[in-house]
Amino acid sequence: MTAQETNSNTIIKELPNALFWDVMEIRKWQDFWFEPGLIKCAMKFNSSFQAKDDDVILASAPKTGTTWLKALCLCILHQNINIPENEDLLTKDNPQFHVQTIESTIYSTKPTPDLYAMPSPRLFHTHLPFSFLPDSVKNSNGKIVCIARNPKDTLVSLWHFFNSIFRPNQEPYPLEKAVEEFCTGVHQYGPYFENVLGYWLESQKRPEKILFLKYEEMLKDPKDQVKKLALFLGKPFEKEEDVEKVVWRCSLERLRNLEVNKNGSVIYGVPNSSYFRKGMVGDWNNYLTPEMEDRINKTTFLKFQGSGLEFEN
């Protein structure tokens, strides 16, 4: 074990801790909560990663449209739009495989892969807050694309996702407890509100650096949003039909029904199928009581007031 690893272990042991969903230890580091192994990887990412000026980093709080955004950016940046079906990368592996989450996948691999051997433009993803990104990322000419989703649908999607991982074939985790943890921020990668707000505020200061996308707007008008995304990435579409092809290729309906996403897993044994549920706006209406809705609404108002950030419900 290196001196740096020993030092990070010492720091992590002294951090405030809690139990997430009665099964996972999480610790509070710089006002956010993480599983301890993630903190170690995030520290290494922050201290050693050297950005390139053509890098693209996708950012999202968990369960806010991450898989969809990965698929879209993969198609826009790294694929010929008019490739035949049998050459489509999305038919070969889950988007989580092709665009890896840097702190939980790349920096948890031993030894760490040679990131500088990757072809340009390099495409990464992170769930980390903006404040956690290395200075080389913040100060480079590389692009950041953030996707965010309204908090009530995010919470319900998180609840389903973690039930599938932590409580398969069991009674689901009490939803009222999940709501309380979400609102207080004591959950994996939490608090959601501060994570989203950090990227939003930075995107208002530097729109040339950070594109902030809303899941609800992407569902409502995918073609317009995908064109905006491609233009931001410096890969504008030449033909309207190419936009339509990418929107179709990356649609939730198509991805869900690909054989590769019905079986197997990419990360920590999490089933590929668990990344594709309903993907709709307003599904929270089917789960949250009026009291739960009110709890989240009040927290949202308190956290986002004065920022100009609003979501459709």
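Scoring rules and cut-offs
- Numbering of residues starts from 1 in each chain and follows the order in which that chain's sequence is written.
- Reporting in this predicted model follows two pLDDT cut-offs: at least 70 for local features of residues, and 80 or more for side-chain atom pairs to be given and counted; totals over whole chains, interfaces and linings ignore these cut-offs and use all residues.
- For side-chain calculations, the full set of non-hydrogen atoms in the structure is used, while hydrogens and water are omitted.
- UniProt positions are given in the numbering used here, feature names are shortened, and annotations may be inferred rather than shown by experiment.
- Counting from the N terminus, the helices are the DSSP runs of H or I reaching at least four residues and the strands are the DSSP runs of E reaching at least two.
- Any residue under 20% of the maximum accessible area for its type is buried, any over 50% is exposed, and the rest in between are partly exposed; the area is computed with a 1.4 Å probe on protein chains only.
- Whether two residues are in contact is decided by their heavy atoms, any of which lying within 4.5 Å being enough.
- In this analysis, strands are considered paired if DSSP registers two or more bridges between them.
- With axes taken as lines fitted to C-alpha atoms, and helix axes fitted only over the stretch in contact, angles between N-to-C directions fall between 0 and 180 degrees.

The name given to the chain in an unreviewed UniProt entry is Sulfotransferase, with Nicotiana tabacum as the source organism. Among the UniProt annotations of the chain, the heading Sequence similarities (unreviewed entry) holds the following wording: "Belongs to the sulfotransferase 1 family."

Chemist: I keep staring at the side chain of Ser157 and nothing clicks. Help me out?
Modeler: Within the secondary structure, Ser157 is located in helix 7 (residues 151–166). The exposure class assigned to Ser157 is buried, which follows from its relative accessible area of 10%. Among residues more than four places away in sequence, those in contact with Ser157 are Lys63 and Arg149.

Chemist: Explanation requested: unusual backbone geometry in the structure shown.
Modeler: Glycine aside, residues mostly have negative phi angles, and peptide bonds mostly take the trans form. The amide bond that connects Ser120 to the next residue, Pro121, takes the cis arrangement and shows omega of -5 degrees. Among the structural elements, Pro121 can be located in the loop between helix 5 (102–106) and strand 5 (123–126). In the segment running from Gly190 into Pro191, the intervening peptide bond is cis, with an omega of 5 degrees. Within the secondary structure layout, Pro191 lies in the loop between helix 8 (175–184) and helix 9 (192–205).

Chemist: For this particular structure, what's the right way to read the sheet that holds strand 5?
Modeler: What links the strands of a sheet is backbone hydrogen bonding, and the strands pair in either a parallel or an antiparallel sense. Across the sheet, four strands lie side by side as 5-4-6-7; this open sheet has parallel pairing. Here the strands that pair on one side only, and so sit at the sheet edges, are strand 5 and strand 7 (210–214). Neighbour to neighbour, the strand axes of the sheet diverge by 20 degrees on average, direction disregarded. In terms of strand pairing, strand 4 (residues 56–60) meets strand 6 (residues 143–148) through five bridges, oriented parallel. Pairing of Ala59 across the sheet is with Cys146, part of strand 6. Contacting strand 4, strand 5, strand 6 and strand 7, helix 9 crosses the sheet at an angle of about 125 degrees to strand 7. Packed onto the sheet, helix 11 (residues 222–232) meets strand 6 and strand 7 and runs at close to 165 degrees relative to strand 7.

Chemist: What exactly am I supposed to notice about the sheet that holds strand 2 (residues 24–29) here?
Modeler: With antiparallel pairing, the three strands of this open sheet are ordered in space as 1-2-3. The open sheet is flanked by strand 1 (17–20) and strand 3 (32–34), the only strands paired with a single partner. On average, each strand axis in the sheet is inclined to that of its neighbour by 35 degrees, with strand direction left out of account.

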